[in-house]
Amino acid sequence: MVIEAAKRTFRKLSGQAADLDQSARRRFSHPTFVVFGSAVAVLTVLLLLSSLLSTVVQNWSRGDMELRARVINLTTKDRIEALLADTAPAARFHLEALFKRLIADEQLLAAGICNLNGQMRDATPTMPPRLSCASIQRGEKEITTDISLDGQELVVSAFPLRDGADGHLVLVHDFTYAKARSDEAQIYILIATIAAAALVGGAAAFAAFVLYRNWHSTLRTAIDDLRAGRADTPHPPESLPGQLRQALDQYDLVRRTIDGVHIDWSPDTLKRAIGSELPNAEVIVVSNREPYIHNRIDGQVTLQIPASGLVSALEPVIRACGGTWIAHGSGSADRDTVDANDRIAVPPDAPTYTLRRIWLTEEEQDGYYYGFANEGLWPLCHIAFVRPIFREEDWMHYKTVNAKFAEAVVREARTSDPIVLVQDYHFALLPRLVREKLPNATIITFWHIPWPNAETFSICPWKDEIIIGLLGSSILGFHTNFHCNNFLETVDRFVESRIDRERRSVILGGAETLVRPYPISIEWPPHWLEFEAPVPACRAAILERFGLGEQVRIGVGMERFDYTKGILDRMRAVDALLQRHPEWNERFTLVQAAAPTRDKIASYRAMQDEAVALAEEINERHGKNGWRPIILSIRHYEPLEVYELFRAADFCVVSSLHDGMNLVAKEFVAARDDERGVLVLSTFAGASRELAEALIVNPYHAHDMAEAMHRALVMPSAEQEARMRQMRALVRTRNVYRWAGQMLLDAAQLRRREAIEKVASSSAWARFSKPRRAAG
């Protein structure tokens, strides 16, 4: 709505500029008129833009306030109506608590209910005392009005509840700040206008020649970009007043709306959000791991879904929005299943997107993946006390493979401004390479592992190239604020750039990269649960499969065989548990499922051998009568098997020594629709920041973990249910669709802001040459 209003105003201004152009051309036959007329034309245009920008800023602000109010009404209406219908005393308390959460956002001033008697009830303490229901327009449909009260400019929205039978929900936004910002911006523009007028006399002839050649094309291009929701120019030059930038930044409301209001994110919600905010956008995902692997076993092609947290998070998202997924074709039958362009439609049963496979030589795979990525970057970023190894030849392969994937992105892109989702540490150089070929692309890079402090990262010999590569992104995401801060400190130490800590962004070469936390999650509900048996049946099946008696309690660990996951530490905790609490002998077993991974790397092979030896040692020390305290199952587990184990377990242990998030913890919570079971969770996993109801442990302290396991085994059912219910509510709300939605809607907001800034930077300042895009 605001963009449409801006376009109408720009059309009017463009027509005025055309009239000025025609009149000026008739009078520019004499040099005096050239100088004088050029000055008048420039001044007129700048004054028009000054008034225009003020109108655009205020209209933009009001439109976003109306949108915010509608979102709040849509997402809370059912809850409010239910609380109003509930006569219990607690209902009034829950309604007040809901309103307090809504006004936590700085732009929403107050909320309340106008009942049928025209009285305000359940209003937040911030409701203006003189704002009465009689002064608020109400009706059978939404009504939004502007009200001036005690020096405040208010935007008041009233929404009928139960078709008016319960009165109206009243939401009050404070509009005073927006007018103040626009006034400040207008003052600065007027100052700039006076300065421009003082200079225009000396350059009038040149200005007249260039201005009339480029004026219409520049303005019309900006209008077309606004219409398409595109941003193909860099951020405004440093000469643009800071107050104007601040005024424009006030309208980053989409993200705050998502964070401040409860929204049930689902595939449909994500589709609608993308359709509304990014219409006709092309989405391309880039990752090393492919979501579907075809292998040839005994002459038959079989389909494998890899055990990967990244795939588990992204696959539901790409299903929801469609597009292209570019990944390394690692399966022995992958080449046999693609078309002539190395593409295959997936999922096989109901295709919704395209998988584009990239082929790597064995030398490239060894150098790029096993070498630089997993012997270098992986141990560098994880505090697990394994020494990173950096080889020159590995780095060369890493650069070659990044260039190969970047070229694939360019070839697969059907538009000049796709949204490219770059995944993980395998592709630190790719954002910059794609930016050079597709300067209009919106590139969102998500770093799935921790980012260490600057001193630790300085170990990497090619730290500058990696940082500069990542800063080719439009948005760079991490799991936690802590990792974002570590990255900004690293940039500050090693790269010549400007860091805006208030905006949490880095400006390099005239281009800005936003640095944001996006805690990753899983789909909700997991579609695999549709095929699972009830919890008692799952437990019976696991007991029978592993030869356990009915009296045996089950703990489960589900990991790849990786030294960062703390598998050895949880085994030592089982040893300590049986020593400290011998009553669990023959009554408890840890089923540790571990998928082999990266067996070409010596540290991984050594860790797996050590785990096998440690399990045998503990079983020999405590086992008797055919009972084993640890069952180490080393093989790949399909998702149905994983969820069956989770549903059978009394507790799940996640003992990561250092982890960005760890989705195993969230998958266990999602699997327990019976609201039973206990999560034992490492404090060094990112998930511990969200799942506070888990038993949080230090994995380096075996006795601490042992006591947590004992507490999990004796925890009353009521406490289990209370903890699990809280964690399930959080995972349900903060699911993978919300994770993707935050990034994509931030990208949409970024595109819109850049479009507005383009008008401000190119038109308001009447550039004398065609705007030049900053590199990267």
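Residues numbered from 1 in each chain as written. Predicted model: local features only at pLDDT ≥ 70, side-chain atom pairs only at ≥ 80, totals over all residues. Heavy atoms only, no water.

> Give a detailed account of the overall build of the protein chain, specifying residues and quantitative values.
Summing up its helical and strand segments, the protein chain has 23 helices and 23 strands in all. Burial status across the protein chain gives 57% buried among its 776 residues. Within the protein chain, residue pairs in contact and separated by at least 24 positions form 73% of the contacts whose partners lie at least 6 positions apart. Surface summary for the protein chain: the accessible area is close to 32,100 Å², and the carbon and sulfur share equals 52%. (Helix = DSSP H or I, 4+ residues; strand = E, 2+ residues; numbered from the N terminus. Buried < 20%, exposed > 50% of the residue type's maximum accessible area, 1.4 Å probe, protein only. Contact = heavy atoms within 4.5 Å. Areas by Shrake-Rupley, 256 points an atom, 1.4 Å probe, with all protein chains shown as cover.)

> Describe the nonpolar core, naming the residues involved and giving the relevant values.
The biggest cluster of nonpolar side chains holds 93 residues, and the ones touching the most others in it are Phe405, Trp447, Ile466, Phe487 and Phe651. Here the element with the most residues in this core is helix H10 (residues 362–381); it accounts for nine residues. When near neighbours in sequence (up to four residues on either side) are disregarded, Phe405 contacts Val286, Ser287, Ile326, Ala327, His328, Ile358, Leu360, Phe427 and Leu430. Val591, Tyr643, Met661 and Leu750 belong to the second-largest nonpolar core, a separate cluster that totals 78 residues. (Core = buried A, V, L, I, M, F, W, Y, C linked by side-chain atoms within 4.5 Å.)

> Run through the pairing of strand E13 (residues 442–446), naming residues and quoting values.
Extensive coverage of E13 is indicated by the burial of five of its five residues. Here E13 shows two buried faces, one formed by Thr442, Ile444 and Phe446 and the other by Ile443 and Thr445. Summarising the sheet, strand E12 (residues 419–423) and E13 pair through five bridges and their orientation is parallel. Its bridge partner being in E13, Ile419 is matched across the sheet by Thr442. Running through helix H12 (residues 430–437), the crossover from E12 to the neighbouring parallel element E13 is right-handed. Note that E13 and strand E14 (residues 475–478) share three bridges and pair parallel. By the bridge assignment, Ile444 is partnered in E14 with Ile475. (Pairing = 2+ DSSP bridges. Right-handed = clockwise from strand over helix to strand, strands pointing away.)

> How would you explain unusual backbone geometry if you had to name every residue and give the values?
Negative phi characterises most residues that are not glycine, and trans characterises most peptide bonds. Looking along the chain, the bond that leaves Val346 and enters Pro347 is cis, with omega of -5°. By the secondary structure assignment, Pro347 is in the loop between strand E10 (343–346) and strand E11 (353–358). Although it is not a glycine, Asp424 adopts a positive phi angle of roughly 85°. Following the sequence through the fold, Asp424 ends up in the loop between E12 and H12. Using a relative accessible area of 7% as the deciding quantity, one classes Asp424 as buried. A positive phi angle, close to 60°, is found at Glu675, a residue other than glycine. Structurally, the position occupied by Glu675 is in the loop between helix H20 (663–671) and strand E22 (678–682). With a relative accessible area of 22%, Glu675 lands in the partly exposed category.

> Let's hear about the side chain of Glu532: which residues, and what values?
Within the secondary structure layout, Glu532 lies in the loop between strand E17 (511–517) and helix H16 (535–545). No salt bridge is formed by the buried Glu532. Its closest oppositely charged neighbour is Arg647, at 4.9 Å. (Lys, Arg positive; Asp, Glu negative; His and termini not counted. Salt bridge = Lys/Arg side-chain N within 4 Å of Asp/Glu carboxyl O.)

> Can you break down the sheet that holds E13 residue by residue, with the values?
Strand order in the open sheet formed by ten strands is E10-E11-E9-E6-E12-E13-E14-E17-E16-E15, with mixed pairing between adjacent strands. Strands with a single pairing partner mark the edges of an open sheet, and in this sheet they are E10 and strand E15 (498–500). The mean inter-strand angle of the sheet, taken between neighbouring strand axes irrespective of direction, is 20°. Pairing analysis gives four bridges linking E14 to E17, with the strands arranged parallel. When the bridges of E17 are listed, Ile475 appears paired with Leu514. (Axes fitted to C-alpha atoms, helices over the stretch in contact; angles between N-to-C directions.)

> Residues and numbers for helix H19 (residues 639–648), please.
For the α-helix, the turn length of 3.6 residues means that residues three or four positions removed from each other point alike. Within H19, eight of the ten residues are buried, which leaves the element mostly enclosed by the surrounding structure. Along H19, the positions that sit buried rather than exposed are Pro639, Val642, Tyr643, Glu644, Leu645, Phe646, Arg647 and Ala648. In this structure, the buried residues of H19 make contact with H16, strand E18 (553–560), strand E19 (588–595), strand E21 (651–654) and H20.

> Just give me the short version of the pattern of salt bridges, but keep the residues and values in it.
A full pass over the atoms with the stated rule returns 42 salt bridges. Note that Arg121 and Asp122 form a salt bridge whose closest N and O atoms lie 2.5 Å from each other. Taking the relative accessible area as the measure of exposure, Arg121 reaches 28% and is therefore partly exposed. A relative accessible area of 9% means that Asp122 is categorised as buried. The network of salt bridges with shared partners includes Glu66, Arg70 and Glu142.

> A description of the pairing of E12 should follow, citing residues and the corresponding values.
For E12, a buried count of five out of five residues is recorded, marking the element as mostly surrounded by other parts of the structure. Side chains Ile419, Leu421 and Gln423 of E12 all project onto a buried face; the interleaved residues Val420 and Val422 project onto the opposite face, where all are buried too.

> Describe the packing of H10 against helix H11 (residues 392–412), naming the residues involved and giving the relevant values.
Two numbers describe how H10 lies on H11: the axes approach to 8 Å, and their chain directions differ by 110°. By the angle between their axes, H10 is roughly perpendicular relative to H11. For the pair H10 and H11, the sense of crossing is left-handed. Residue-level inspection shows Glu363, Glu364, Gly367, Tyr368, Gly371, Phe372 and Leu377 of H10 in contact with H11, the latter providing Asp394, Trp395, His397, Tyr398, Thr400, Val401 and Lys404. Its residues placed into classes, the contact of H10 with H11 shows six nonpolar, four polar and four charged. (Parallel < 35°, antiparallel > 145°, perpendicular 65-115°, else oblique. Left-handed = near helix turned anticlockwise from the far one by under 90°. Nonpolar A, V, L, I, M, F, W, Y, C, P; charged D, E, K, R; others polar.)

> Provide a residue-level description of the environment of Ala111, including the pertinent values.
Here Ala111 shows up in strand E1 (residues 108–114). Residue classification places Ala111 among the buried positions, given a relative accessible area of 0%. Taking C-alpha positions, Ala111 is 9.8 Å from Arg121, a pair spaced ten residues apart along the chain. Those residues in contact with Ala111, other than ones at most four positions away along the chain, are Phe99, Ile103, Asp122, Ala123, Thr124, Met127, Val170 and Leu171.

> Tell me about the sheet that holds strand E2 (residues 120–121), and please be specific about residues and values.
Spatially, E2-E1-E5-E4-E3 is the arrangement adopted by the five strands of the open sheet, whose pairing is antiparallel. Each having just a single partner strand, E2 and strand E3 (143–149) make up the two edges of the open sheet. Pairing geometry for strand E4 (residues 152–160) and strand E5 (residues 168–174), over seven bridges, is antiparallel. Each bridged residue has a counterpart across the sheet, and for Phe159 the counterpart in E5 is Leu169.

> Give me the environment of Pro629: which residues, what numbers.
Among the secondary structure elements, Pro629 is positioned in the loop between helix H18 (602–622) and strand E20 (630–634). Taking the relative accessible area as the measure of exposure, Pro629 reaches 0% and is therefore buried. Counting along the chain gives 14 residues from Pro629 to Ala615, while the straight-line C-alpha distance between them is 8.7 Å.

> Before we move on, can you summarise the side chain of Ser521 with the specific residues and values?
As for its position among the elements, Ser521 is in the loop between E17 and H16. Exposure remark for Ser521: the relative accessible area of 0% places this residue in the buried category. Separated by 2.7 Å, the side chain of Ser521 and the backbone oxygen of Arg734 make a polar contact. (Polar contact = N/O pair within 3.5 Å; in protein donor to acceptor, adjacent residues only side chain to side chain.)

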